[in-house]
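Here is how the chains run, residue by residue.
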Amino acid sequence: MKTFSCTVSPVRTPKAKCTDSFQGIIGSSAALKRVLDLVMTVSPTDATVLIEGETGTGKELLARAIHTLSPRRGRKMIPPEREVR
């Protein structure tokens, strides 16, 4: 089984138009484009993906994008647990 990992860092970027698959994800930085390329790479696979990052960096948006682009898109997505404080 392949495992992919991606760490999301807070980046201040200008808003950009996104495709339906990336709904809610805004930005146009080179770093974000690399992350979205990774999303496109892992989405069609059966790989386990670990998304790490600080609060508010869009981890759940990336998880939803991966789910939307995956063969599992017809099934219910169970969102990652949110940190309880």
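Analysis parameters
Residues numbered from 1 in each chain as written. Predicted model: local features only at pLDDT ≥ 70, side-chain atom pairs only at ≥ 80, totals over all residues. Heavy atoms only, no water. Helix = DSSP H or I, 4+ residues; strand = E, 2+ residues; numbered from the N terminus. Expected span 1.5 Å × (residues − 1). Buried < 20%, exposed > 50% of the residue type's maximum accessible area, 1.4 Å probe, protein only. Arc of directions from axis to C-beta. pLDDT = per-residue confidence, 0-100. Contact = heavy atoms within 4.5 Å. Salt bridge = Lys/Arg side-chain N within 4 Å of Asp/Glu carboxyl O. Core = buried A, V, L, I, M, F, W, Y, C linked by side-chain atoms within 4.5 Å.

1. Considering helix α1 (residues 30–42)
Residue pairs spaced three or four apart in an α-helix point in one direction, given the helix's 3.6 residues per turn.
Right, so step 1: With 13 residues, α1 ought to run about 18 Å at 1.5 Å a step, and its terminal C-alpha atoms sit 19 Å apart, in line with that.
Right, so step 2: Here α1 has its buried residues at Leu32, Val35, Leu36, Val39 and Val42. Buried residues of α1 fall within an arc of 125° about the axis and therefore sit on the same side. Facing away from the buried side of α1, by more than 90 degrees, are the exposed residues Lys33, Arg34 and Asp37.

2. Side note on the confidence of the model for the protein chain
Right, so step 1: Of the residues in the protein chain, 71% reach a pLDDT of 70 or more, and the chain-wide mean stands at 77.
Right, so step 2: With pLDDT under 50 throughout, residues 1–5 is counted as low confidence; its partners more than four residues away or in other chains account for 12 contacts.

3. Considerations on the pattern of salt bridges
Right, so step 1: Tallied over the full model, the rule gives 2 salt bridges.
Right, so step 2: Across the pair Arg72 and Asp46 runs a salt bridge whose closest N-O atoms are separated by 2.3 Å. Here the residue Arg72 occupies a position in the segment after α2 (59–69), and Asp46 occupies one in the loop between α1 and β2 (48–53), the gap between them amounting to 26 residues.
Right, so step 3: On the accessibility criterion, Arg72 (41% relative accessible area) is partly exposed.
Right, so step 4: Measuring nitrogen to oxygen at the nearest pair gives 2.9 Å for the salt bridge that ties Glu60 to Arg64. Within this pair, Glu60 and its partner Arg64 are both found in helix α2, separated by 4 residues, close to a single helical turn.
Right, so step 5: You can call Glu60 buried: its relative accessible area is 18%.
Right, so step 6: Since its relative accessible area comes to 38%, Arg64 is described here as partly exposed.

4. Observations concerning the nonpolar core
Right, so step 1: Core analysis: the biggest nonpolar cluster contains 10 residues, these being Phe22, Ile25, Leu32, Val35, Leu36, Val39, Val42, Leu62, Ala65 and Ile66.
Right, so step 2: Only α1 and α2 provide two or more residues apiece to this core.
Right, so step 3: The greatest single-element share of this core, amounting to 5 residues, is contributed by α1.

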